[in-house]
Amino acid sequence: MFYLFKNKKGIAISASEDSLKNYIVGMNNGIDEYAIKNISSSATPTDLALNENGDVVFPKDDEELILAFQKKLKLKEINEWTASNITGGFVSSASGEPVRYDSDKETQLTMQGIALNVSTPLFAAKYPNGCPVRGVAEGAESKTVYWLTPEQVMQWMADLSMHIGTCKQAGWAKQAEVDACKTVFELSLIHISEPTRRS
């Protein structure tokens, strides 16, 4: 909706900016100062005003509603960012060298199942040469198959768990920043970096 301000005080509202411009043409005496603002608000015109910089000053209850809504959007963005980081791959040195592995949910479930059986005859029978896991070595451009021993599988799982925990803690820290915000401007200063991606 378009709000009309006269001498920094809200006086009218319209869905048409042109109608407010026509009103100004008919009423402007060359002394009063008029301004039109396109605002998403539930406030009535007389509830709003402009400060010395020409920015809209919302009533407190309206500001709180807007802040709560923007916080909800930011928290959703943080949750998606955290999930993307978790499934975007991680680095483990379980094979004896740093290797970047996939960490999508399917890989997590598969390796969890394998890890539960590393001490059983089934693991030895199915993986006599070790458990095959594909990853990209540091400095390489393509994936290589690494054959992990039972001990290496457990280290791989430990590294994955550490990765997931680190991603979650980063998400919690961002959530705490959102909770601490008192204004929409403070909220806009919270930066969400690009999530990590699998190779």
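All values reported here derive from a predicted model rather than from experimental measurement.

### Thoughts on the environment of Lys 105
Point 1. Note on placement: Lys 105 falls in helix H3 (residues 105-115).
Point 2. According to the relative accessible area criterion, Lys 105 is exposed, its value standing at 63%.
Point 3. With 57 residues separating them in the primary sequence, Lys 105 and Met 162 have C-alpha atoms 15 Å apart.

### Some points on the environment of Gln 175
Point 1. Within the secondary structure layout, Gln 175 lies in helix H5 (residues 150-180).
Point 2. In this structure the C-alpha to C-alpha distance between Gln 175 and Gly 89, which are 86 residues apart in sequence, comes to 22 Å.
Point 3. Gln 175 has contacts with Leu 75, Ile 78 and Asn 79, leaving out every residue within four places of it along the chain.

### Things to note about H5
Point 1. With 31 residues, H5 extends 45 Å from end C-alpha to end C-alpha; this agrees with the ideal 45 Å at 1.5 Å per step.
Point 2. If you check which residues of H5 are buried, you get Val 153, Trp 156, Met 157, Asp 159, Leu 160, His 163, Ile 164, Cys 167, Gly 171, Lys 174 and Val 178.

### So, unusual backbone geometry
Point 1. One non-glycine residue, Asn 7, adopts positive backbone phi at about 50 degrees.
Point 2. Within the secondary structure layout, Asn 7 lies in the loop between strand E1 (2-6) and strand E2 (9-14).
Point 3. With a relative accessible area of 37%, Asn 7 lands in the partly exposed category.
Point 4. Even without being glycine, Lys 8 reaches a positive phi, approximately 70 degrees.
Point 5. Structurally, Lys 8 is set in the loop between E1 and E2.

### Considering the environment of Ala 83
Point 1. Examined against the element boundaries, Ala 83 turns out to sit in helix H2 (residues 60-87).
Point 2. On the basis of relative accessible area, Ala 83 is assigned to the partly exposed category, the value being 41%.
Point 3. As a C-alpha pair, Ala 83 and Lys 174 span 91 residues in sequence and 13 Å in three-dimensional space.

Calculation criteria
Residues numbered from 1 in each chain as written. Predicted model: local features only at pLDDT ≥ 70, side-chain atom pairs only at ≥ 80, totals over all residues. Heavy atoms only, no water. Helix = DSSP H or I, 4+ residues; strand = E, 2+ residues; numbered from the N terminus. Buried < 20%, exposed > 50% of the residue type's maximum accessible area, 1.4 Å probe, protein only. Contact = heavy atoms within 4.5 Å. Expected span 1.5 Å × (residues − 1).

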